[in-house]
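# Results of the structural survey
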2 protein chains.
Amino acid sequence: MTGNGTDGADTVPAQGKAGGVDARGSAADGVTGTRAGAGAGGADGPPVPGGWLRVVGLGPGGAGLVTPEVSETLRTATDAVGYGPYLARVPARSGLRCHASDNRVELERAAAALRLAAEGRRVAVVSAGDAGVFGMAAALFEAMERGPVSWREIDLAVLPGVSAMFAVAARAGAPLGHDFCAISLSDNLKPWALVEHRLRLAAEAGFTVALYNPISRARPWQLGRAFELLREVLPAVIPVIFATAVSRADERVVVTTLGEALPAMADMRTLVMVGTAETRLLPRADGGSWVYAPRSAPDSGPASLAGDAAQSAVAPGEDAAPASARVTVPGGSTGAGQATEPAAAGEDAAP
Amino acid sequence: MTGNGTDGADTVPAQGKAGGVDARGSAADGVTGTRAGAGAGGADGPPVPGGWLRVVGLGPGGAGLVTPEVSETLRTATDAVGYGPYLARVPARSGLRCHASDNRVELERAAAALRLAAEGRRVAVVSAGDAGVFGMAAALFEAMERGPVSWREIDLAVLPGVSAMFAVAARAGAPLGHDFCAISLSDNLKPWALVEHRLRLAAEAGFTVALYNPISRARPWQLGRAFELLREVLPAVIPVIFATAVSRADERVVVTTLGEALPAMADMRTLVMVGTAETRLLPRADGGSWVYAPRSAPDSGPASLAGDAAQSAVAPGEDAAPASARVTVPGGSTGAGQATEPAAAGEDAAP
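Residues numbered from 1 in each chain as written. Chains lettered and ligands numbered in written order. Predicted model: local features only at pLDDT ≥ 70, side-chain atom pairs only at ≥ 80, totals over all residues. Heavy atoms only, no water.

What follows deals with unusual backbone geometry. What is expected of a backbone is that most residues other than glycine have negative phi and most peptide bonds are trans. Positive phi, close to 55 degrees, is recorded for Ala 245 of chain A, a residue that is not glycine. Of note, Ala 245 of chain A is situated in the loop between β9 (239-244) and β10 (252-257). By relative accessible area, Ala 245 of chain A is classed as buried at 0%. Its identity as a non-glycine residue notwithstanding, Ser 247 of chain B has a phi of 80 degrees, on the positive side. For Ser 247 of chain B, the position within the fold is in the loop between β9 (239-244) and β10 (252-257). (Helix = DSSP H or I, 4+ residues; strand = E, 2+ residues; numbered from the N terminus. Buried < 20%, exposed > 50% of the residue type's maximum accessible area, 1.4 Å probe, protein only.)

Dropping the structure here:
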């Protein structure tokens, strides 16, 4: 339930909207009680000198993926603010105050962090993955825009992290080696019609698509609908990656096809990646498949360049490139109920 | 000339296609002389035990953005393979053989690395940013697919890095806080018509667009044409970020508008990011602007949902949200010839 498969904090279903979550056992100390976009409680004078605010990405989970810059920031902060399970990844240290909050109170959390920094505290706001990707960075600026003008004088920086999507891509091979996009399936903050619009255009553009926030108890049908829609535009044989808890002990990566992709293959820690008609599979030594996007696209380009948008992601003459369903589970068990067949070698085009 | 503004290695103009570049001064030792996709020279027997190959992302340039996992890999490798200026970032160590090559020989470089690993060497293939984003990872799998089947038994992993696009986003604020895409403007390996097709669909989808490989001596007109095309679909007032050499000493970040964006604001170390009609600006303490994408999209959605694709990225009632041109240059000089005006505060919607 740590939501660590994705960058954003919007991966956890409703579990008591006002309920503070605190991985350290300390009191939720008012963060969750702060009003959304609060100017209330923030000093209107200039920030107290010495305070700062850093919005940091902790990476997907593994300690080897936390940047030195972020580690150093966490060593010098006086306060860490974030969703409980992410705060639990911050190395404990005496003198570091941890302010844990529920997953659904991003604006309140951001405002609380700004208020602390304005009071002269050294504040790290933590997100999983990269904080700028469906994470706390945007919420922080939203809270700053809505808050007292004095907050704009706070010493503020966003520190990038290893994003879930690139960690997943690395584990799977190189599915993002060509043009790609990222779409959150959460319709909390945008209309579902817009999600569908974007999915369709992304497929027609021939982008590999990273799907964030694919599923949760509060978001049960969206992923299935997304697959339905993508199957209207894309060939059923294109590879789909389900990557869960990448870089953590229970990491699981499953490769199947769009035709066989099921919402049940994902949970709220999963990032789903949908390839293109160009995406290729290669057998890996462990019996699974590498998934990669060739750097080149065919000269003929997608059919939609000649006017047929519905077929645009299927490049002429490339229908047969991706092989059929296969399952890759590095270091883990095979996905329940999914047939494993040995990956066919791609065409051996060595000169 | 180090191409460090982007993840990929395809940022440098032609400077002698066969010319080996070597940042350490050692001989180019055959890497550039290797034939594309070469099976030639690779042993067809199983890989020598103990050898491995890691494709690593070095991040955008700053030492604080190299992951511990990558640093450890570079400490234990026997061989480092890559484009010269990227190899120059690998900490020197006795016993580490560096194989530098030119920027335009990715498949040959990948094949050479696979051959070394098959011979039992511990090989790190280095890319800037994240190796999976227009970097060496895809080239590696292409070379593996074209090479001897025995190469598929090599102990291989891709190690993710901090990508240029997320490092740029962090410096600028949170321009990728909502749905986004990445498109390489290089038409070396795909037809230009496909680039235009993708740009148009990305704009119609309302994605923030990260443009990789925007310009070089060999690619002089593409960025200007891309701006032209985007101006046909998007309002002229939306923010555009030009970020050069992020996390390095000569970092420069300029924020302007689509209407005023000029190709001359980019060089081959620049990543260009084009916002959406929702993208907002906030004044920063240093006089420039933060750029961020609100997490939410308007309920009404883009106009194209009602059928007008040409207007789709302009959400009704949001035309006035982004302010006009402004320039942000943290820690650097202002861009030559670009007027700086203070950023207007967005609507102050605090409850």
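Once you've had a look at it, read on.
UniProt's feature table lists "domain: Tetrapyrrole methylase" (unreviewed entry) at residues 55-261 of chain A, given in the numbering used throughout. Helix makes up 35% of residues 55-261 of chain A and strand 23%, with an end-to-end C-alpha separation of 35 Å. (UniProt positions renumbered as here; feature names shortened; annotations may be inferred.)

All names here are of chain B. If you walk across this open sheet you meet the five strands as β3-β2-β4-β1-β5, and the pairing is parallel. In the strand order of this sheet, the two ends are held by β3 (97-101) and β5 (155-159), each with one partner. Taken pair by pair, the neighbouring strands of this sheet meet at an average axis angle of 15 degrees, ignoring direction. Bridging between strand β1 (residues 52-57) and strand β4 (residues 122-127) involves six bridges; their strand directions are parallel. Bridging across to β4, Trp 52 finds its partner in Arg 122. Relative to β1, helix α1 (residues 68-76) is tilted by about 140 degrees, and along the sheet it contacts β1, β4 and β5. (Pairing = 2+ DSSP bridges. Axes fitted to C-alpha atoms, helices over the stretch in contact; angles between N-to-C directions. Contact = heavy atoms within 4.5 Å.)

Moving on, we get to the packing of helix α6 (residues 192-205) of chain B against helix α7 (residues 222-233) of chain B. Residue and element names in this part refer to chain B. Relative orientation of the contacting elements α6 and α7 amounts to 35 degrees, with a least axis distance of 10 Å. Judged by the twist between their axes, the crossing of α6 over α7 is right-handed. When α6 is examined against α7, the residues Trp 192, Glu 196, Leu 199, Arg 200, Ala 203 and Glu 204 are found in contact with a partner set consisting of Gln 222, Arg 225, Ala 226, Leu 229, Leu 230, Glu 232 and Val 233. Classifying every residue of the contact of α6 with α7 by side-chain character gives seven nonpolar, one polar and five charged. (Left-handed = near helix turned anticlockwise from the far one by under 90°. Nonpolar A, V, L, I, M, F, W, Y, C, P; charged D, E, K, R; others polar.)

Residues and elements named next belong to chain B. With twelve residues, α7 ought to run about 16 Å at 1.5 Å a step, and its terminal C-alpha atoms sit 17 Å apart, in line with that. Those residues of α7 that sit buried are Gln 222, Leu 223, Gly 224, Ala 226, Phe 227, Leu 229, Leu 230 and Val 233. Against α6, β8 (208-212), β9 and β11 (270-274) lie the buried residues of α7. (Expected span 1.5 Å × (residues − 1).)

This brings us to the nonpolar core. If you look at the biggest cluster of nonpolar residues, it comprises 62 residues, and the most contacted ones within it are Leu 199, Phe 242 and Val 274 of chain A together with Phe 242 and Val 274 of chain B. Ignoring sequence-local partners within four residues, the contact set of Val 274 of chain A consists of Phe 207, Thr 208, Val 209, Leu 211, Phe 227, Leu 230, Leu 234, Ile 238, Pro 239, Val 240 and Leu 258 of chain A. Counting 48 residues, the second largest nonpolar core, distinct from the first, contains Ala 182 and Ala 210 of chain A together with Ala 169 and Val 291 of chain B. (Core = buried A, V, L, I, M, F, W, Y, C linked by side-chain atoms within 4.5 Å.)

All right, on to the relation of the copies chain A and chain B then. Taken as rigid bodies, chain A and chain B are interconverted by a rotation of 180 degrees and an axial shift of 0.0 Å, the fit giving an RMSD of 0.0 Å. Taken together, the rotation and translation relating the two chain copies correspond to the operation of a two-fold axis. When each C-alpha of chain A is compared by its distance to the rotation axis, Cys 181 of chain A comes out closest, at 1.9 Å. Both copies share a contact surface, since 100% of the interface residues of chain A are interface residues in chain B too. (Least-squares fit on C-alpha atoms with pLDDT ≥ 70 in both.)

Going through the model one piece at a time under the given rule, you end up with 33 salt bridges over all chains. Between Glu 142 of chain B and Arg 295 of chain A there is a salt bridge, with the nearest N and O atoms lying 2.9 Å from each other. Here Arg 295 of chain A lies in the segment after β13 (289-292) and Glu 142 of chain B lies in helix α4 (residues 136-146), a pairing that spans two chains. With a relative accessible area of 15%, Arg 295 of chain A lands in the buried category. Among the ionic pairs, Glu 232 of chain B bridges to Arg 200 of chain B, the shortest N-O distance being 3.3 Å. Of this pair, Glu 232 of chain B sits in helix α7 while Arg 200 of chain B is found in helix α6, placing the two residues 32 residues apart along the sequence. A residue is classified by how much of its surface remains accessible, and Glu 232 of chain B, at 47% relative accessible area, is partly exposed. Accessibility expressed as a relative area gives 30% for Arg 200 of chain B, which makes it partly exposed. Three or more residues are tied together by salt bridges with common partners; here these are Glu 196, Arg 200, Arg 225, Glu 228 and Glu 232 of chain A. (Salt bridge = Lys/Arg side-chain N within 4 Å of Asp/Glu carboxyl O.)

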